[in-house]
Amino acid sequence: MTAGKVVSSSFCTKTPAFKSFHAQLIINGLAHFPRYSSKLIVFYARNKHLRIARKLFDEIPNSEKVAMVGSFARTGYSQEAIFLFHEMQISGSGNRRILLPSVLKACAHLSDHKTGTKLHALALKNGFNDDSFIVSALIRMYSNCRKVDEAREVFDLHGYKDLVCLNAMVTGYVHSGFIEQANGLVKEMEVLGLDPDIETWNSMISGFTQIGNETMVRKIFETMKTKGINPDIVSWTSVISGLVQNLHFKKAYRAFKQMLKAGISPVPPTISALLPATASIAHTRRGKEIHGYSVVTGFERDVYVRSALIDMYAKGGFIAEASWLFCGRTRNNIVACNSMIFGYGNHGYCEEAIRLFNWMVKGGKKVDHMTFSAALTACANGGMVDVGERLFQMMEEKYCIVPRTEHYATMVDLLGRAGKVYEAYEYIQKMPVEPDSFVWGALLGACRKHGLVDLAERAAKELDKMEPKSSGNIVLLSNLYADTSKWKEAIELKKMIKKKKVILFRSRSWMIPMS
């Protein structure tokens, strides 16, 4: 294994081992090379050995320091980029005008409003408020920190309005869900003579597609064509992604065909965006068609496409196909791992799901709230109460992940299935956040299974407040009354259904009869 591979891999995950390797680099005269010194600084900074990181940084020439800050910000080492910039400020080295956009990008990635505000003050102090790149970086930073009003203030105070700043502001509005404000700003700038470019229109397409406003998306496509701007692959990918997010799967597939008809070839992100539309047994044929297309085009080798394929097969119950795709380099991708754990857990392979989770933990792989949600689901489906409680505790104490309502809902489901319904109810009462319909629904389902009318009525009452028009919760309670021979209550509930005009949907099946 070469030095570069060792530094970039997880070979040296412990500080003593890494220091030993660092010593070998010094002996071989390689420690001062930028490709190694940058990785050494990342390791020591991430493991809180700031004195060593600072010493290494001081030995690097100033020109390389500037490039290193930019490189760290671009490749996701945001905290390290801010650390290096701070060190350069102390030593008085580095061109602030060149460095600020990179450091502000790091703040945006971390949603670090406090540091970003200090950098804004530094930019004003040095008279950089006329620099479009710094201004656009400030707009993106404030937008990512959910401070859109402050971002707009920066935009308005910038005397010269250009496309760089306009696109940053439009993107900020769109990502924060203020689509109409983005549209208003574009129209305002058009009046002032600033015509949007393809990036502006693509941001608008993304925003309107996400909120399901297909009429506005069509208008934007028409406007682009009248202005001589042809929708590109980003435009079409945004449309497909938005349609899939809004569960308009047929329309997404239709848009994909229209894109091909328009002579635009898809790229891996397009395939990744479309594949979730096929992640059910009902759409497996289309999913396999897209898989075949990915093999022919070579997109299957892309880690994100491969992860989306794993997710599709796992959700459709094709565990063998998902497992086959999962083998190899995809095992290091957290999205693929999460999909695989969900797939195993939801289709009866609960022990395999926990085994994969343990492999991730022991191997030092990154885990997130979705990983724990998938593992807890496997515990619930497999009746592994002790394992589930241990994982919930590990999530909070070891990984400092704040439990979300879906984690609590899964724990209630886990305890409820195991017959610990009153314990599940106590779990709900101790929740630091307001229980949602999934939490109360899990409790109601457990009550129905174990015939506990008192708790079922409590859960149904809460669900009625949240989902007054939902028929499923009422039917569950009605069935429980019938199971426990409470015919009077069952009749009263049916009268209430008629009075409220709750629609009871008929069951449907995707099974196709044999001819």
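Residues numbered from 1 in each chain as written. Predicted model: local features only at pLDDT ≥ 70, side-chain atom pairs only at ≥ 80, totals over all residues. Heavy atoms only, no water.

Caption draft 1: Main features of the overall build of the protein chain. Within the protein chain, the regular secondary structure consists of 30 helices and 0 strands. Residue burial in the protein chain is summarised as follows: out of 515 residues, 48% are buried. Relative to all contacts within the protein chain whose residues are 6 or more apart in sequence, the contacts with residues 24 or more apart total 59%. For the protein chain, the exposed surface amounts to about 27500 Å²; the carbon and sulfur share of it is 55%. (Helix = DSSP H or I, 4+ residues; strand = E, 2+ residues; numbered from the N terminus. Buried < 20%, exposed > 50% of the residue type's maximum accessible area, 1.4 Å probe, protein only. Contact = heavy atoms within 4.5 Å. Areas by Shrake-Rupley, 256 points an atom, 1.4 Å probe, with all protein chains shown as cover.)

Caption draft 2: Representation of the packing of aromatic side chains. Within the structure shown, the criterion is met by 9 aromatic pairs. Between F256 and Y293, the ring centres sit 6.4 Å apart and the planes meet at 90 degrees, which makes this aromatic pair edge-to-face. Placement of the pair is F256 in helix α16 (residues 249–261) and Y293 in helix α18 (residues 284–297), with a sequence separation of 37 residues. Relative to Y427, the ring of F392 has its centre 5.8 Å away and its plane inclined at 75 degrees; by these criteria the two rings are edge-to-face. Placement of F392 in helix α24 (residues 385–397) and of Y427 in helix α26 (residues 421–429) is noted, with a sequence separation of 35 residues between them. Members of the aromatic cluster, each reached through a chain of ring pairs, are F357, F372 and Y399. Directly above the ring of F318 sits K288, whose terminal nitrogen or CZ lies 5.0 Å from the centroid. (Phe/Tyr/Trp six-rings, centres within 6.5 Å; stacked < 30°, edge-to-face > 60°. Lys NZ or Arg CZ within 6 Å of the ring centre and 35° of its normal.)

Caption draft 3: Up close: the side chain of S272. Following the sequence through the fold, S272 ends up in helix α17 (residues 268–274). A relative accessible area of 18% means that S272 is categorised as buried. A polar contact is formed between the side chain of S272 and the backbone nitrogen of V305, at a distance of 3.5 Å. (Polar contact = N/O pair within 3.5 Å; in protein donor to acceptor, adjacent residues only side chain to side chain.)

Caption draft 4: Spatial organisation of the nonpolar core. Ranked by internal contacts, the top residues of the largest apolar core, which has 138 residues, are I139 and L443. Look past the residues within four positions of L443 in its chain and what remains in contact with it is V412, V421, A424, Y425, I428 and A459. (Core = buried A, V, L, I, M, F, W, Y, C linked by side-chain atoms within 4.5 Å.)

Caption draft 5: Summary view of the pattern of salt bridges. Inspection of every chain in the model, using the stated rule, returns 9 salt bridges. Notably, a salt bridge pairs R306 with E300, separated by 3.7 Å at the nearest N-O pair. For R306, a relative accessible area of 15% puts it in the buried group. Residue classification places E300 among the buried residues on the basis of a relative accessible area of 14%. With a shortest N-O distance of 3.2 Å, D413 and R417 are connected by a salt bridge. Of this pair, D413 and R417 are both found in helix α25 (residues 405–417), 4 residues apart, which corresponds to roughly one turn of the helix. On the basis of relative accessible area, R417 is assigned to the partly exposed category, the value being 37%. Among the charged side chains, a network of salt bridges with common partners joins R152, D156 and E188. (Salt bridge = Lys/Arg side-chain N within 4 Å of Asp/Glu carboxyl O.)

Caption draft 6: Expanded view of the packing of helix α12 (residues 179–191) against helix α13 (residues 198–210). It is at 10 Å that the axes of α12 and α13 come closest, and there the two elements cross at 155 degrees. With respect to α13, the axis of α12 lies roughly antiparallel. The element α12 and its partner α13 pack so that their crossing is left-handed. Listed contacts from α13 to I179, E180, A182, N183, V186 and E190 of α12 are T200, W201, M204, G207 and F208. Taken together, the residues of the contact of α12 with α13 sort by class into 6 nonpolar, 3 polar and 2 charged. (Axes fitted to C-alpha atoms, helices over the stretch in contact; angles between N-to-C directions. Parallel < 35°, antiparallel > 145°, perpendicular 65-115°, else oblique. Left-handed = near helix turned anticlockwise from the far one by under 90°. Nonpolar A, V, L, I, M, F, W, Y, C, P; charged D, E, K, R; others polar.)

Such coordinate-based values are descriptive only and should not be taken to indicate function.
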